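These are the residues of each chain, in order.
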Amino acid sequence: YVDRLHGAQGSTFWSSVRHVGVGAVLQWSAANGVFERYLLDEGQFEPNCDDWDTQVRLFRERLDSSLRRNLIDAGTVVGAQLSSGLDSSAVAATAARQLSEGQHLVALTAAPTRDARLLVQRGRFADESILASKTARMGGFEHVVVRNT
């Protein structure tokens with residue numbers, strides 16, 4: 001999404017960041033510059049079993065462990081990108097369950113203006129904020145929709 005909006009493939013809105021890889025989180029501050037930290041451990045997640053329930057349990061354990069580790073030094077307000085997809089929903093809902101006392105999760109969803117006229121492929125929807133809001137409500141965390149003005 002960011003690559004397509006900005007223009008050239010392999011570039012982002014930040015001059016010092018060319019690419020944010022799969023499973024990576026981009027963090028920045030005025031004092032510390034820009035760096036990446038992996039949400040999940042590097043490498044492939046390939047459980048050694050054919051049983052669906054076992055695969056789900058192993059993935060959940062790995063996601064829980066990874067988010068717990070990453071939330072330790074995340075500060076009091078934790079941000080998460082939330083679309084209507086399974087990936088961001090799993091990360092945000094899991095993060096909400098893993099918060100320490102005093103931490104607060106705010107999920108952000110980018111959405112078009114309410115009166116935007118967009119060409120949308122059949123079976124898709126341009127504004128994911130409605131489903132993302134329902135996900136946040138079910139997960140019990142704050143949700144902010146960011147619209148172009």
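That block above? That's the structure.
Residues numbered from 1 in each chain as written. Predicted model: local features only at pLDDT ≥ 70, side-chain atom pairs only at ≥ 80, totals over all residues. Heavy atoms only, no water.

Enquirer: I tried to follow helix α4 (residues 129-139) on my own but got confused; where do I start?
Expert: Given 3.6 residues per helical turn, the α-helix brings residues three or four places apart onto the same face. Here α4 has its buried residues at S129, A132, T135 and A136. In a view along the axis of α4, the buried residues occupy a sector of 120°, so they form one face of it. Exposed side of α4, more than 90 degrees from the buried face: I130, R137 and M138 are the residues found there. On its buried side, α4 packs onto α3 (86-98), β4 (104-111) and β5 (142-147). Among the residues trailing α4, G140 stands out with phi positive, at a value near 75°. (Buried < 20%, exposed > 50% of the residue type's maximum accessible area, 1.4 Å probe, protein only. Helix = DSSP H or I, 4+ residues; strand = E, 2+ residues; numbered from the N terminus. Arc of directions from axis to C-beta. Contact = heavy atoms within 4.5 Å.)

Enquirer: Would you mind going over the packing of helix α2 (residues 52-71) against α3 with me for this structure?
Expert: When two helices pack together, their arrangement is captured by the angle between the axes and the distance separating the axes. The interhelical angle for the contact between α2 and α3, taken along N-to-C directions, is 60°, at an axis separation of 9 Å. In terms of orientation, α2 lies oblique with respect to α3. The handedness of the crossing between α2 and α3 comes out as right-handed. Only A90, V91, T94, A95, R97 and Q98 of α3 make contact with α2, whose side of the interface consists of R60, L63, D64, L67, R68 and L71. Across the contact of α2 with α3, the residue classes tally to six nonpolar, two polar and four charged. (Axes fitted to C-alpha atoms, helices over the stretch in contact; angles between N-to-C directions. Parallel < 35°, antiparallel > 145°, perpendicular 65-115°, else oblique. Left-handed = near helix turned anticlockwise from the far one by under 90°. Nonpolar A, V, L, I, M, F, W, Y, C, P; charged D, E, K, R; others polar.)

Enquirer: When you look at α2 in this model, what are you seeing that I'm missing?
Expert: Taking 1.5 Å as the rise per residue, α2 with 20 residues should run 28 Å; its terminal C-alpha atoms sit 28 Å apart, in good agreement. Within α2, the full set of buried residues consists of L63, D64, S66, L67, N70 and L71. (Expected span 1.5 Å × (residues − 1).)

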